[in-house]
Amino acid sequence: MAIQFHESDRTFHLYNDSVSYCIAVTKYGHLAGLYFGKRLRDRDGLSHLLEYSGGNQSPGFYEDGVEDPSYSLNEIRQEYPSFGHGDLRQGALVIGQKDGSRIMDFRYVTHRIYDGKPQLAGLPAVYTEEDGEAQTLEITLRDEWLQTDLILLYSIFNDYPAIARSARIECHTPEGITVLQAASACLDLPDSGYEMLELAGGWARECHMYRNPLRPGIQSVYSRRGNSSSQFNPFLALLRPEATETCGEALGFSLLYSGNYLAQADVDYRDVTRVTIGIHPDGFAWPLAEGQSFQTPEAVLVYSDEGLSGMSRAYHRLYSRRLVRGYWRDHERPILLNNWEATYFGITEEKMLNIASKARDLGVDLFVMDDGWFGTRNHDHAGLGDWYVNRDKLPQGVRGLAEKVTALGMKFGLWFEPEMVNEDSDLYRAHPDWVLRTPGRSASKTRHQWVLDFSRDDVMENLYQQMSAILGDAPVSYVKWDMNRSMSEVYSAAYPPEQQGTVYHRCILNVYALYERLHAEFPHILFESCAGGGARFDAGMLYYAPQGWTSDDTDAMERVSIQYGASVVYPLSSLGAHVSASPNHQLSRVTSIATRAATAYFGTFGYELDPNQLSAEDQAEIREQIRFIKQYRHIIHQGDLYRLENPYENNGEAAWICVSPDRSQAIAAYFRFRQHITAPLSRIRLAGLDPDADYKVSYCRNSTEPVELPFGPVGGDELMQYGLITSDSRSGIHNGIYPDREGDYLARIYLLEKL
Ligand code: DGJ
């Protein structure tokens, strides 16, 4: 890994064994993007990669009597284009100025290359543990007229095909400026021969994969909901049309941010594709006085020539090792049971203990008490904001219950929703001005709640005091941090008019700050983020909470699509996934407990039901499931994921496999939504195995008991080239492999062991 500056043609080359990222300083000092992709040899003379020419109707360079019509910023691939000076496309930076102008012209001044990677104050960022793991390039550009500096940060890691980028704007003019847009990264690609992949959906249907060819103009994903949203995930990928899960080129753009964002691909008339990703400019305006600076969130760009799964594996490795922090990064996550779908708001100490003790009996490690334990929270009309125990429900307090649960030999976890308030709450009665809204106007409610004005430090401080009091008083090992609505009517009574454009971002900064304080004070606590399921399931959150509740949809078959899509960026160790009751509470679908477990195994495994309501057989099955997943979860959490069959296509099947780093063990899942009679034969081509080795292949129908397939060991090459047979007797063939009539909503787990 290295970052080289070639003085002769003023080019930068950032490279490691897999990728190169090249930048040039043009003859007039602008910063041009040369290349991002598979590793190039390092040499002088890379600047020829920049094609440029004057274009009809494109503004040509003119300065101090020098006219150069062949040089137009509108025709040059740029690193961080700013508004108004020759480039007529959508840019990365917009700055409002005292005279009303937004025109800028940033030119190269200097650069710095150093070992390691800086942290970004108050923001999530990937990190190094030793300086030798990464190198950083900081390029300073200046607009002399505006007396403003733009510092672009690039870090490249030794071991990951990734570049972390962000930007900082420093104001040196006594007149001050207002940052109206500042992307985290911009990448101009020389052609548009890509398809854009996005993760989109809605509440309880998050992260479905959509892939469409690029076309001229802008295609984008975004959030203006105050959180990163369940509608679009803050991520996009560009794939060559021929790229599949296992081969071909893929470029990933992931934003480490949990608030409003915009990520877009803009194809211009020359087929140049400009990708920008960063804070959404709508509702954003950050004034800077002389001496102040603004740091953007970080974006992580990944290149893979091993298809989409290759890109995902790069994100998984980087994010699980160098974004997730603290004790829980390196420890197996506890198997938890959450009471939400068992009791909803109907919490009593007796019910909690009944559930917890049965859960303990079945082998669960952690009991989590969800919404309903505090204030007057008997329903969703009241109580949010009052984070002290409801003694009618828990006469001995949280501590009393937590101690009893702990005495059972399990850990205890608790639910909070710190950013919200109900009108019917002591907090609201005491501080009606702490709600986000314009004074004198009403504000919409969702789930009967308002959003607290987290841009205010006193609000954050109050929540910190309340939460820290509970967490310091009782043996709490886990916190589920929920956020059940989007932000609307975003206005803060605490700030003057010219600061209103800072409120969205300040809210997120204070969420991060509160996490940071609690993290520092309670380093052993495992945080799970949640936002009515996956409305804030993003890379930014992973820095504070190593796992997130992927979706409020706990139906096993729906979860296949949701987890399949979420795994495009996020490691399986971060996807909260639980076995819930059947019929399912969201869809009334009936599935076997084996099918439910098969989906939930491929995440951070847990339960969301009342185990006392289960049959003796299901209870016995749960005992086995916990034993089973503890034996194999290291392959799922530390191994390599290969997605094999896409659930969104019409054949109604899905499959994936996790392979241990040394390829000696693997665990695969195959799902079939509907069984058809005399159906086409089916097989799944596995991936990631050692082609030269033979594997013992076992299959678990009941999610636990592996039965070796009848034909003995199979070659890794056969499994990857021909495939693993999944047809059954109803399909018209029976190899004696699978039992007859397995039916709809089938899940099979396969275990592979290298001989
Ligand atoms: C939404 C979450 O996603 C659920 O799991 C549960 O915690 C409820 N909120 C509680 O209100």
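It should be noted that the structure appears before, not after, this text.
What you are looking at is a predicted structure, and each value in this text was computed from that prediction instead of being measured.

With respect to the packing of helix α3 (residues 349-362) against helix α11 (residues 616-638)
1) Next: As a packed pair, α3 and α11 sit with axes 8 Å apart at the nearest point and diverge in direction by 60°. Accordingly, the angle class assigned to the pair α3 and α11 is oblique. Along its contact with α3, which presents K358, D361 and L362, the element α11 presents Q619, I622, R623 and I626.
2) Next: When grouped by side-chain class, the residues that make up the contact of α3 with α11 number 3 nonpolar, 1 polar and 3 charged.

Side note on the side chain of D68
1) Next: Examined against the element boundaries, D68 turns out to sit in strand β6 (residues 66-68).
2) Next: Residue D68 is classed as buried on the basis of its relative accessible area of 10%.
3) Next: At a separation of 2.5 Å, a polar atom in the side chain of D68 contacts the side chain of Y28.
4) Next: Apart from the residues within four sequence positions on either side, D68 is in contact with K27, Y28, G60 and F61.

Looking at the environment of Q449
1) Next: The residue Q449 is located in strand β27 (residues 449-451) in this model.
2) Next: Taking the C-alpha atoms as reference, Q449 lies 46 Å from F36; in sequence the two are 413 residues apart.
3) Next: Excluding its chain neighbours within four sequence positions, the residues that come into contact with Q449 are L384, E417, M420, V421, N422, S444, N484 and R485.

What to know about the site of the ligand
1) Next: Near the ligand you find 13 residues, and of these D370, D371, K480, D482 and D552 are the closest.
2) Next: Taking W415, its side chain carries an N or O atom lying 3.1 Å from an oxygen atom of the ligand.
3) Next: A distance of 2.8 Å separates an oxygen atom of the ligand from a polar atom in the side chain of R447.
4) Next: Within the complex, 97% of the 290 Å² of free accessible area of the ligand lies under protein.
5) Next: Tallied by class, the residues present in the shell around the ligand amount to 4 nonpolar, 3 polar and 6 charged.

Here we look at the packing of aromatic side chains
1) Next: A complete count under the given rule lists 43 aromatic pairs for this structure.
2) Next: Seen from their ring centres, F157 and Y160 are 5.6 Å apart, and the 80° between their planes marks the pair as edge-to-face. For the pair shown, F157 and Y160 are each scored as buried.
3) Next: When the centroid spacing of 5.2 Å and the interplanar angle of 85° are considered together, the rings of W340 and F345 count as edge-to-face. Here W340 and F345 have matching classes, each one buried.
4) Next: Three or more aromatic residues joined by ring pairs make a cluster, and in this case those are W481, Y512, Y515, F527, Y543 and Y544.
5) Next: A cation over a ring is seen here: R240 above Y194, with NZ or CZ 4.0 Å from the ring centre.
6) Next: Here the basic side chain of R313 rests over the ring of Y642, its NZ or CZ set 3.9 Å away from the ring centre.

Thoughts on helix α6 (residues 457-473)
1) Next: Taking 1.5 Å as the rise per residue, α6 with 17 residues should run 24 Å; its terminal C-alpha atoms sit 24 Å apart, in good agreement.
2) Next: Taken residue by residue, α6 has V459, M460, L463, Y464, Q466, M467, S468, I470 and L471 as its buried positions.
3) Next: For α6, the elements touching its buried residues are α4 (397-407), β25 (411-416), α5 (426-430), β28 (478-481) and α7 (503-521).

Calculation notes
- Residues numbered from 1 in each chain as written.
- Predicted model: local features only at pLDDT ≥ 70, side-chain atom pairs only at ≥ 80, totals over all residues.
- Heavy atoms only, no water.
- Axes fitted to C-alpha atoms, helices over the stretch in contact; angles between N-to-C directions.
- Helix = DSSP H or I, 4+ residues; strand = E, 2+ residues; numbered from the N terminus.
- Parallel < 35°, antiparallel > 145°, perpendicular 65-115°, else oblique.
- Contact = heavy atoms within 4.5 Å.
- Nonpolar A, V, L, I, M, F, W, Y, C, P; charged D, E, K, R; others polar.
- Buried < 20%, exposed > 50% of the residue type's maximum accessible area, 1.4 Å probe, protein only.
- Polar contact = N/O pair within 3.5 Å; in protein donor to acceptor, adjacent residues only side chain to side chain.
- Near = heavy atom within 4 Å.
- Areas by Shrake-Rupley, 256 points an atom, 1.4 Å probe, with all protein chains shown as cover.
- Phe/Tyr/Trp six-rings, centres within 6.5 Å; stacked < 30°, edge-to-face > 60°.
- Lys NZ or Arg CZ within 6 Å of the ring centre and 35° of its normal.
- Expected span 1.5 Å × (residues − 1).

Function cannot be read off these values alone, since they describe shape.
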